[in-house]
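Notes for the structure review
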Amino acid sequence: LIPFNRPCVLGTELKKISDVFTNEKFSGDGHFSKKCHEHLKKKLNVKKALLTTSCTDALEMAALLINLKPGDEVIMPSFTFVSTANAFALRGATIVFIDIDPLTMNLDLACLTKAITKNTKAIVVVHYGGWCCDMKELKKVCNDNNLFLIEDAAQSYLSTFQNKSLGSWGDLSCLSFHETKNIQCGEGGALLINQKELVERAEIIREKGTNRSKFFRGQVDKYSWVDLGSSFLPSELNAAFLLAQLEDDEVIIKKRIDIWNQYQDELSEFEFAKPLSETKINGHLFALKLKDLEQRTLFIEFMKNKKITTSFHYIPLHSSEAGKKFGRFHGQDHFTTRESERIARLPLYHALTQQEVSYITKTIKSFFEQIKRSTTRSS
Ligand SMILES: *Cc1c(COP(=O)(O)O)cnc(C)c1O
(Lines give C-alpha, C1' and ligand atoms only; values in the text may rest on other atoms or scores of the structure.)
Protein backbone atom coordinates (compact mmCIF):
# COMPACT_ATOMS: atom_id res chain seq x y z
CA LEU A 1 0.00 0.00 0.00
CA ILE A 2 1.19 3.52 -0.83
CA PRO A 3 -0.08 5.81 1.95
CA PHE A 4 -1.01 9.45 1.34
CA ASN A 5 1.63 10.69 3.76
CA ARG A 6 4.49 9.35 5.85
CA PRO A 7 6.05 11.79 8.32
CA CYS A 8 9.63 12.70 7.45
CA VAL A 9 12.18 11.10 9.79
CA LEU A 10 15.93 11.40 9.20
CA GLY A 11 17.35 9.45 12.14
CA THR A 12 19.42 12.40 13.36
CA GLU A 13 16.57 13.56 15.62
CA LEU A 14 17.32 10.96 18.36
CA LYS A 15 20.84 12.18 19.04
CA LYS A 16 19.59 15.74 19.50
CA ILE A 17 16.84 14.56 21.83
CA SER A 18 19.35 12.68 23.94
CA ASP A 19 21.32 15.94 24.22
CA VAL A 20 18.23 17.48 25.82
CA PHE A 21 18.51 14.80 28.53
CA THR A 22 22.18 15.68 29.02
CA ASN A 23 21.40 19.42 29.24
CA GLU A 24 18.56 18.72 31.70
CA LYS A 25 16.64 21.63 30.22
CA PHE A 26 13.27 20.40 28.98
CA SER A 27 11.05 23.48 29.05
CA GLY A 28 11.06 26.07 26.28
CA ASP A 29 13.63 28.56 24.96
CA GLY A 30 16.77 26.60 25.82
CA HIS A 31 19.73 25.84 23.55
CA PHE A 32 17.72 24.05 20.84
CA SER A 33 14.92 26.61 20.61
CA LYS A 34 17.51 29.37 20.24
CA LYS A 35 19.28 27.44 17.47
CA CYS A 36 15.95 27.02 15.64
CA HIS A 37 15.20 30.74 16.02
CA GLU A 38 18.59 31.68 14.53
CA HIS A 39 18.21 29.18 11.69
CA LEU A 40 14.74 30.44 10.68
CA LYS A 41 15.72 34.09 10.98
CA LYS A 42 18.77 33.69 8.77
CA LYS A 43 17.28 31.29 6.27
CA LEU A 44 14.09 33.26 5.64
CA ASN A 45 15.55 36.72 6.18
CA VAL A 46 13.01 37.87 8.77
CA LYS A 47 13.44 40.26 11.73
CA LYS A 48 12.50 37.73 14.39
CA ALA A 49 11.43 34.07 14.56
CA LEU A 50 9.78 32.50 17.61
CA LEU A 51 8.90 28.82 17.89
CA THR A 52 5.33 28.00 18.86
CA THR A 53 3.60 24.71 19.57
CA SER A 54 1.72 24.90 16.24
CA CYS A 55 0.85 27.14 13.32
CA THR A 56 -2.56 27.48 14.96
CA ASP A 57 -0.84 29.05 17.98
CA ALA A 58 1.22 31.36 15.77
CA LEU A 59 -1.99 32.55 14.09
CA GLU A 60 -3.57 33.18 17.51
CA MET A 61 -0.51 35.21 18.52
CA ALA A 62 -0.85 37.21 15.30
CA ALA A 63 -4.51 37.90 16.09
CA LEU A 64 -3.55 39.15 19.57
CA LEU A 65 -0.72 41.28 18.21
CA ILE A 66 -2.84 43.28 15.80
CA ASN A 67 -5.29 44.25 18.58
CA LEU A 68 -8.50 43.12 16.92
CA LYS A 69 -11.77 44.25 18.41
CA PRO A 70 -15.32 43.06 17.71
CA GLY A 71 -16.55 44.54 14.43
CA ASP A 72 -13.12 44.47 12.82
CA GLU A 73 -12.95 42.49 9.60
CA VAL A 74 -10.26 40.10 8.47
CA ILE A 75 -10.22 38.99 4.83
CA MET A 76 -9.03 35.53 3.80
CA PRO A 77 -9.80 32.83 1.23
CA SER A 78 -12.60 30.43 2.13
CA PHE A 79 -10.48 27.60 0.75
CA THR A 80 -8.19 27.09 3.76
CA PHE A 81 -7.70 25.19 7.00
CA VAL A 82 -9.94 25.92 9.99
CA SER A 83 -7.19 27.56 12.10
CA THR A 84 -6.68 30.41 9.60
CA ALA A 85 -10.16 31.71 10.45
CA ASN A 86 -10.60 30.39 13.98
CA ALA A 87 -7.65 32.39 15.36
CA PHE A 88 -9.25 35.69 14.33
CA ALA A 89 -12.82 34.65 15.21
CA LEU A 90 -11.52 33.99 18.75
CA ARG A 91 -10.71 37.72 19.05
CA GLY A 92 -14.25 38.66 17.98
CA ALA A 93 -13.41 39.72 14.43
CA THR A 94 -15.75 39.09 11.50
CA ILE A 95 -14.20 36.83 8.91
CA VAL A 96 -14.72 37.95 5.31
CA PHE A 97 -14.17 35.03 2.95
CA ILE A 98 -13.27 35.59 -0.69
CA ASP A 99 -12.89 33.44 -3.79
CA ILE A 100 -9.75 31.81 -5.16
CA ASP A 101 -7.94 31.81 -8.47
CA PRO A 102 -8.65 28.32 -9.92
CA LEU A 103 -5.14 27.97 -11.36
CA THR A 104 -3.15 28.51 -8.15
CA MET A 105 -5.94 27.83 -5.60
CA ASN A 106 -4.67 30.93 -3.78
CA LEU A 107 -6.75 34.04 -3.09
CA ASP A 108 -7.96 36.12 -6.03
CA LEU A 109 -6.58 39.67 -5.81
CA ALA A 110 -9.46 41.17 -7.82
CA CYS A 111 -11.94 39.78 -5.27
CA LEU A 112 -9.79 41.04 -2.44
CA THR A 113 -9.84 44.71 -3.36
CA LYS A 114 -13.64 44.62 -3.66
CA ALA A 115 -13.99 43.14 -0.16
CA ILE A 116 -12.10 45.91 1.66
CA THR A 117 -14.28 48.17 3.85
CA LYS A 118 -13.54 50.81 6.52
CA ASN A 119 -13.66 48.00 9.09
CA THR A 120 -11.01 45.85 7.41
CA LYS A 121 -8.00 45.42 9.66
CA ALA A 122 -5.97 42.64 8.10
CA ILE A 123 -5.56 40.30 5.15
CA VAL A 124 -4.55 36.71 5.77
CA VAL A 125 -3.00 35.18 2.68
CA VAL A 126 -2.75 31.37 2.58
CA HIS A 127 0.09 29.93 0.52
CA TYR A 128 -1.84 26.89 -0.65
CA GLY A 129 0.39 24.17 -2.05
CA GLY A 130 3.46 26.02 -0.82
CA TRP A 131 3.15 28.75 -3.45
CA CYS A 132 1.50 32.17 -3.46
CA CYS A 133 -0.52 34.81 -5.26
CA ASP A 134 1.28 37.91 -6.60
CA MET A 135 2.82 39.03 -3.30
CA LYS A 136 4.17 42.28 -4.68
CA GLU A 137 0.71 43.34 -5.77
CA LEU A 138 -0.83 42.13 -2.49
CA LYS A 139 1.71 44.05 -0.44
CA LYS A 140 0.82 47.18 -2.39
CA VAL A 141 -2.91 46.71 -1.69
CA CYS A 142 -2.15 46.32 2.04
CA ASN A 143 0.09 49.40 2.13
CA ASP A 144 -2.39 51.53 0.16
CA ASN A 145 -5.21 50.60 2.55
CA ASN A 146 -3.16 50.57 5.75
CA LEU A 147 -3.88 46.90 6.48
CA PHE A 148 -1.83 44.26 8.27
CA LEU A 149 -0.55 41.53 5.97
CA ILE A 150 -0.44 38.14 7.67
CA GLU A 151 0.91 35.08 5.87
CA ASP A 152 -0.43 31.65 6.70
CA ALA A 153 2.81 30.07 5.52
CA ALA A 154 2.04 26.67 7.09
CA GLN A 155 2.81 24.89 3.81
CA SER A 156 5.42 27.16 2.29
CA TYR A 157 8.68 26.83 4.23
CA LEU A 158 11.60 27.56 1.84
CA SER A 159 9.41 28.60 -1.11
CA THR A 160 10.16 31.96 -2.71
CA PHE A 161 8.42 34.50 -4.94
CA GLN A 162 10.63 36.81 -6.96
CA ASN A 163 13.55 35.36 -5.00
CA LYS A 164 12.11 36.52 -1.67
CA SER A 165 11.11 33.89 0.90
CA LEU A 166 7.45 33.32 1.65
CA GLY A 167 7.11 34.27 5.29
CA SER A 168 9.22 37.41 4.81
CA TRP A 169 6.57 39.44 2.94
CA GLY A 170 3.99 39.92 5.68
CA ASP A 171 4.03 41.95 8.89
CA LEU A 172 3.55 38.58 10.59
CA SER A 173 3.84 35.04 9.20
CA CYS A 174 2.98 31.64 10.59
CA LEU A 175 4.78 28.37 9.89
CA SER A 176 3.73 24.80 10.71
CA PHE A 177 5.96 21.87 11.63
CA HIS A 178 3.07 19.44 12.00
CA GLU A 179 3.95 15.90 10.87
CA THR A 180 1.99 16.41 7.64
CA LYS A 181 4.27 19.28 6.59
CA ASN A 182 7.63 19.15 4.79
CA ILE A 183 9.73 19.77 7.90
CA GLN A 184 8.16 18.36 11.04
CA CYS A 185 8.51 17.79 14.78
CA GLY A 186 5.15 16.17 15.50
CA GLU A 187 3.34 19.32 16.55
CA GLY A 188 5.15 22.62 16.07
CA GLY A 189 5.16 26.00 14.40
CA ALA A 190 6.72 29.45 14.39
CA LEU A 191 5.70 33.07 14.33
CA LEU A 192 7.84 35.24 12.05
CA ILE A 193 7.86 38.96 12.73
CA ASN A 194 8.96 41.54 10.20
CA GLN A 195 7.81 44.68 12.05
CA LYS A 196 10.36 45.72 14.70
CA GLU A 197 7.62 47.34 16.81
CA LEU A 198 5.80 44.03 17.23
CA VAL A 199 8.75 41.99 18.53
CA GLU A 200 8.71 42.89 22.21
CA ARG A 201 4.97 42.38 22.58
CA ALA A 202 5.19 39.04 20.72
CA GLU A 203 7.69 37.82 23.32
CA ILE A 204 5.32 38.91 26.08
CA ILE A 205 2.26 37.28 24.54
CA ARG A 206 4.16 34.04 24.05
CA GLU A 207 5.29 33.97 27.70
CA LYS A 208 1.87 34.12 29.43
CA GLY A 209 1.68 37.91 29.18
CA THR A 210 4.86 38.41 31.21
CA ASN A 211 8.11 40.20 30.45
CA ARG A 212 10.08 37.03 31.22
CA SER A 213 12.21 37.24 28.05
CA LYS A 214 13.39 40.72 29.01
CA PHE A 215 14.16 39.45 32.52
CA PHE A 216 16.39 36.67 31.14
CA ARG A 217 18.26 39.21 29.03
CA GLY A 218 18.86 41.27 32.19
CA GLN A 219 16.80 44.19 30.90
CA VAL A 220 14.45 44.21 33.93
CA ASP A 221 15.24 42.99 37.46
CA LYS A 222 12.04 41.03 38.00
CA TYR A 223 9.34 39.75 35.73
CA SER A 224 5.63 40.27 36.07
CA TRP A 225 2.28 40.19 34.30
CA VAL A 226 2.22 43.07 31.80
CA ASP A 227 -0.28 42.15 29.04
CA LEU A 228 -2.60 39.45 27.71
CA GLY A 229 -0.90 36.26 26.63
CA SER A 230 -0.76 32.51 26.85
CA SER A 231 1.78 29.70 26.80
CA PHE A 232 2.77 29.39 23.16
CA LEU A 233 6.32 28.02 23.42
CA PRO A 234 7.26 24.38 22.74
CA SER A 235 9.40 22.10 24.87
CA GLU A 236 13.11 21.64 24.12
CA LEU A 237 12.31 18.04 23.15
CA ASN A 238 10.32 19.29 20.17
CA ALA A 239 12.87 21.99 19.36
CA ALA A 240 15.70 19.42 19.35
CA PHE A 241 13.77 17.14 16.96
CA LEU A 242 12.99 20.15 14.77
CA LEU A 243 16.59 21.40 14.69
CA ALA A 244 17.75 18.04 13.31
CA GLN A 245 15.35 18.48 10.40
CA LEU A 246 16.11 22.18 9.88
CA GLU A 247 19.81 21.35 9.55
CA ASP A 248 18.91 19.16 6.56
CA ASP A 249 16.05 21.26 5.25
CA GLU A 250 17.53 21.75 1.77
CA VAL A 251 17.94 17.98 1.30
CA ILE A 252 14.37 17.29 2.42
CA ILE A 253 12.92 19.99 0.17
CA LYS A 254 15.00 18.91 -2.83
CA LYS A 255 13.62 15.38 -2.55
CA ARG A 256 10.05 16.73 -2.53
CA ILE A 257 10.66 19.07 -5.47
CA ASP A 258 12.02 16.10 -7.47
CA ILE A 259 8.82 14.15 -6.76
CA TRP A 260 6.67 17.18 -7.66
CA ASN A 261 8.56 17.61 -10.94
CA GLN A 262 8.18 13.93 -11.78
CA TYR A 263 4.40 14.22 -11.26
CA GLN A 264 4.35 17.36 -13.40
CA ASP A 265 6.28 15.71 -16.25
CA GLU A 266 4.38 12.44 -16.25
CA LEU A 267 0.95 14.05 -15.81
CA SER A 268 1.47 17.04 -18.12
CA GLU A 269 -1.63 16.18 -20.20
CA PHE A 270 -3.95 16.55 -17.17
CA GLU A 271 -5.12 19.47 -15.06
CA PHE A 272 -3.55 20.22 -11.69
CA ALA A 273 -3.02 23.19 -9.35
CA LYS A 274 0.04 25.24 -10.39
CA PRO A 275 2.24 28.04 -9.08
CA LEU A 276 2.66 31.42 -10.80
CA SER A 277 5.89 32.03 -12.68
CA GLU A 278 8.71 33.62 -10.63
CA THR A 279 7.94 31.10 -7.88
CA LYS A 280 10.35 28.57 -6.41
CA ILE A 281 8.20 25.81 -4.94
CA ASN A 282 8.96 23.49 -2.01
CA GLY A 283 7.09 20.42 -3.29
CA HIS A 284 4.52 20.49 -0.52
CA LEU A 285 1.57 19.01 -2.39
CA PHE A 286 0.40 17.89 -5.80
CA ALA A 287 -3.32 18.42 -6.42
CA LEU A 288 -4.76 16.74 -9.50
CA LYS A 289 -8.06 18.09 -10.84
CA LEU A 290 -10.85 15.76 -11.86
CA LYS A 291 -13.92 16.79 -13.85
CA ASP A 292 -16.26 17.12 -10.88
CA LEU A 293 -17.18 15.63 -7.52
CA GLU A 294 -18.63 12.49 -9.10
CA GLN A 295 -15.49 11.76 -11.12
CA ARG A 296 -13.30 12.48 -8.10
CA THR A 297 -15.23 9.97 -6.01
CA LEU A 298 -14.66 7.35 -8.73
CA PHE A 299 -10.98 8.31 -8.91
CA ILE A 300 -10.29 8.00 -5.19
CA GLU A 301 -12.03 4.60 -5.17
CA PHE A 302 -10.14 3.42 -8.29
CA MET A 303 -6.79 4.43 -6.77
CA LYS A 304 -7.68 2.78 -3.48
CA ASN A 305 -8.33 -0.49 -5.31
CA LYS A 306 -4.82 -0.17 -6.78
CA LYS A 307 -3.44 0.32 -3.25
CA ILE A 308 -2.76 4.05 -3.62
CA THR A 309 -4.20 6.49 -1.10
CA THR A 310 -5.23 9.88 -2.48
CA SER A 311 -7.03 12.58 -0.58
CA PHE A 312 -9.45 15.45 -1.09
CA HIS A 313 -8.76 18.68 0.80
CA TYR A 314 -10.57 21.54 2.55
CA ILE A 315 -14.33 21.85 2.83
CA PRO A 316 -14.78 25.60 2.08
CA LEU A 317 -15.06 27.44 5.38
CA HIS A 318 -17.95 29.68 4.33
CA SER A 319 -20.14 26.56 4.00
CA SER A 320 -19.18 25.21 7.43
CA GLU A 321 -21.31 25.64 10.55
CA ALA A 322 -18.83 27.94 12.31
CA GLY A 323 -17.93 29.75 9.10
CA LYS A 324 -21.55 30.86 8.70
CA LYS A 325 -21.66 32.01 12.29
CA PHE A 326 -18.39 33.96 12.39
CA GLY A 327 -18.04 35.08 8.79
CA ARG A 328 -19.57 35.92 5.47
CA PHE A 329 -18.58 35.39 1.85
CA HIS A 330 -17.96 38.55 -0.14
CA GLY A 331 -18.74 38.40 -3.86
CA GLN A 332 -19.56 35.28 -5.85
CA ASP A 333 -18.33 31.77 -5.12
CA HIS A 334 -17.26 31.03 -8.68
CA PHE A 335 -14.41 28.68 -7.91
CA THR A 336 -14.05 27.88 -4.21
CA THR A 337 -16.73 25.17 -4.02
CA ARG A 338 -16.34 23.90 -7.56
CA GLU A 339 -12.56 23.56 -7.46
CA SER A 340 -12.49 22.13 -3.94
CA GLU A 341 -14.87 19.37 -5.08
CA ARG A 342 -12.60 18.27 -7.89
CA ILE A 343 -9.13 18.12 -6.41
CA ALA A 344 -7.41 14.94 -5.28
CA ARG A 345 -4.00 15.17 -3.65
CA LEU A 346 -1.46 12.51 -4.62
CA PRO A 347 0.98 10.81 -2.22
CA LEU A 348 4.00 13.06 -1.64
CA TYR A 349 6.48 12.39 1.15
CA HIS A 350 10.20 12.08 1.79
CA ALA A 351 10.36 8.28 1.58
CA LEU A 352 8.36 8.00 -1.68
CA THR A 353 10.50 6.45 -4.45
CA GLN A 354 10.74 7.32 -8.13
CA GLN A 355 9.36 3.86 -8.97
CA GLU A 356 6.36 4.42 -6.74
CA VAL A 357 5.67 7.78 -8.42
CA SER A 358 5.82 6.05 -11.83
CA TYR A 359 3.38 3.41 -10.63
CA ILE A 360 1.03 6.16 -9.38
CA THR A 361 1.13 8.14 -12.64
CA LYS A 362 0.61 4.98 -14.73
CA THR A 363 -2.38 4.10 -12.61
CA ILE A 364 -3.80 7.62 -13.08
CA LYS A 365 -3.43 7.29 -16.85
CA SER A 366 -5.27 3.98 -16.80
CA PHE A 367 -8.08 5.64 -14.82
CA PHE A 368 -8.51 8.34 -17.48
CA GLU A 369 -8.34 5.75 -20.28
CA GLN A 370 -11.11 3.80 -18.64
CA ILE A 371 -13.20 6.98 -18.37
CA LYS A 372 -12.60 7.72 -22.05
CA ARG A 373 -13.63 4.19 -23.09
CA SER A 374 -16.83 4.32 -21.06
CA THR A 375 -17.83 7.74 -22.46
CA THR A 376 -17.22 6.71 -26.11
CA ARG A 377 -19.25 3.57 -25.51
CA SER A 378 -22.18 5.52 -24.07
CA SER A 379 -22.23 8.19 -26.80
C1 LIG B 1 -1.40 22.70 8.50
C2 LIG B 1 -1.98 24.03 8.34
C3 LIG B 1 -2.35 24.81 9.46
C4 LIG B 1 -2.29 24.29 10.87
O5 LIG B 1 -1.01 23.95 11.31
P6 LIG B 1 -0.81 23.35 12.78
O7 LIG B 1 0.66 23.44 12.98
O8 LIG B 1 -1.33 21.94 12.74
O9 LIG B 1 -1.58 24.20 13.73
C10 LIG B 1 -2.84 26.08 9.24
N11 LIG B 1 -2.99 26.58 8.00
C12 LIG B 1 -2.67 25.85 6.90
C13 LIG B 1 -2.82 26.47 5.55
C14 LIG B 1 -2.17 24.56 7.04
O15 LIG B 1 -1.86 23.85 5.95
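Report on the accompanying structure. Not measured: the values here are computed from a predicted model. (Residues numbered from 1 in each chain as written. Predicted model: local features only at pLDDT ≥ 70, side-chain atom pairs only at ≥ 80, totals over all residues. Heavy atoms only, no water.)

From N to C terminus, the protein includes 14 helices and 13 strands. Principal-axis analysis of the C-alpha atoms gives the protein an extent of 80 × 55 × 35 Å. Taken over 379 residues, the protein has a buried fraction of 54%. Considering only intrachain contacts with a sequence separation of at least 6, the fraction spanning at least 24 residues in the protein is 71%. Summed over its atoms, the accessible surface of the protein is roughly 17,200 Å², and 52% of this surface lies on carbon and sulfur atoms. Of note, the protein has its 51 positive side-chain charges centred 0 Å away from the centre of its 46 negative side-chain charges. (Helix = DSSP H or I, 4+ residues; strand = E, 2+ residues; numbered from the N terminus. Buried < 20%, exposed > 50% of the residue type's maximum accessible area, 1.4 Å probe, protein only. Contact = heavy atoms within 4.5 Å. Areas by Shrake-Rupley, 256 points an atom, 1.4 Å probe, with all protein chains shown as cover. Lys, Arg positive; Asp, Glu negative; His and termini not counted. Charge placed at Lys NZ, Arg CZ, Asp CG, Glu CD.)

Moving on, we come to the nonpolar core. One broad rule of soluble globular proteins: the nonpolar side chains tend to lie buried together. Judged by nonpolar contacts, the single largest core of 36 residues is most densely connected at Tyr263, Leu288, Phe299 and Ile364. Those elements giving two or more residues to this core turn out to be helix 10 (249-266), strand 11 (287-289), helix 11 (293-305), strand 13 (343-345) and helix 14 (354-378). For this core, the leading source of residues is helix 14, giving six residues. The residues touching Ile364, leaving out its near neighbours within four places in the chain, are Leu267, Phe270, Leu288, Phe299, Met303 and Leu346. Residues Ala63, Leu64, Leu68 and Phe88 belong to the second largest nonpolar core, which totals 35 residues. (Core = buried A, V, L, I, M, F, W, Y, C linked by side-chain atoms within 4.5 Å.)

Now for the site of the ligand. Around the ligand there are 14 residues in total, and Cys55, Thr56, Asp152, Ser176 and Lys181 lie nearest to it. When the free accessible area of the ligand is taken as 390 Å², the share hidden by the protein chains comes to 92%. (Near = heavy atom within 4 Å.)

Bringing the packing of helix 1 (residues 13-23) against helix 9 (residues 236-247) into the picture now. Relative orientation of the contacting elements helix 1 and helix 9 amounts to 145°, with a least axis distance of 8 Å. Both helix 1 and helix 9 take part in a crossing whose hand is right-handed. Here helix 1 contributes Glu13, Lys16, Ile17, Val20 and Phe21 to the contact with helix 9, which in turn contributes Glu236, Leu237, Ala240, Phe241, Leu243, Ala244, Gln245 and Glu247. (Axes fitted to C-alpha atoms, helices over the stretch in contact; angles between N-to-C directions. Left-handed = near helix turned anticlockwise from the far one by under 90°.)

The subject of this paragraph is a nonpolar patch on the surface. A cluster of nonpolar side chains, namely Phe21, Phe26 and Leu237, defines an oily patch on the protein surface of about 270 Å² accessible area. Within the secondary structure, Phe26 is located in the loop between helix 1 and helix 2 (31-44). With a relative accessible area of 35%, Phe26 lands in the partly exposed category. (Patch = residues over 30% accessible without salt bridge, like charges linked within 9 Å, V, L, I, M, F, W, Y side chains within 5 Å. Salt bridge = Lys/Arg side-chain N within 4 Å of Asp/Glu carboxyl O.)

Turning next to the sheet that holds strand 4 (residues 120-126). Here we have eight strands laid out as an open sheet, ordered 1-9-8-5-4-2-3-12, and mixed in their pairing. On the outer flanks of this sheet lie strand 1 (48-52) and strand 12 (327-329), each paired with one strand and no other. When strand polarity is set aside, the average angle formed by the axes of neighbouring strands in this sheet is 20°. Relative to strand 4, strand 2 (residues 73-77) runs parallel, the two sharing three bridges. Note on strand 4: the bridge partner recorded for Val74 is Ala122. Across the sheet, helix 3 (residues 55-65) lies against strand 1, strand 5 (148-152), strand 8 (172-176) and strand 9 (189-193), angled at about 165° from strand 8, the strand it touches most. (Pairing = 2+ DSSP bridges.)

Bringing the state of the cysteines into the picture now. In total, this model carries zero disulfides according to the counting rule given. In this model Cys111 remains outside any disulfide bridge; the closest cysteine sulfur is found in Cys133, 12 Å from its own. In this structure Cys132 is a free cysteine whose sulfur lies 6.2 Å from that of Cys133, the closest cysteine sulfur available. Residue Cys132 is classed as buried on the basis of its relative accessible area of 0%. (Disulfide = S-S within 2.5 Å.)

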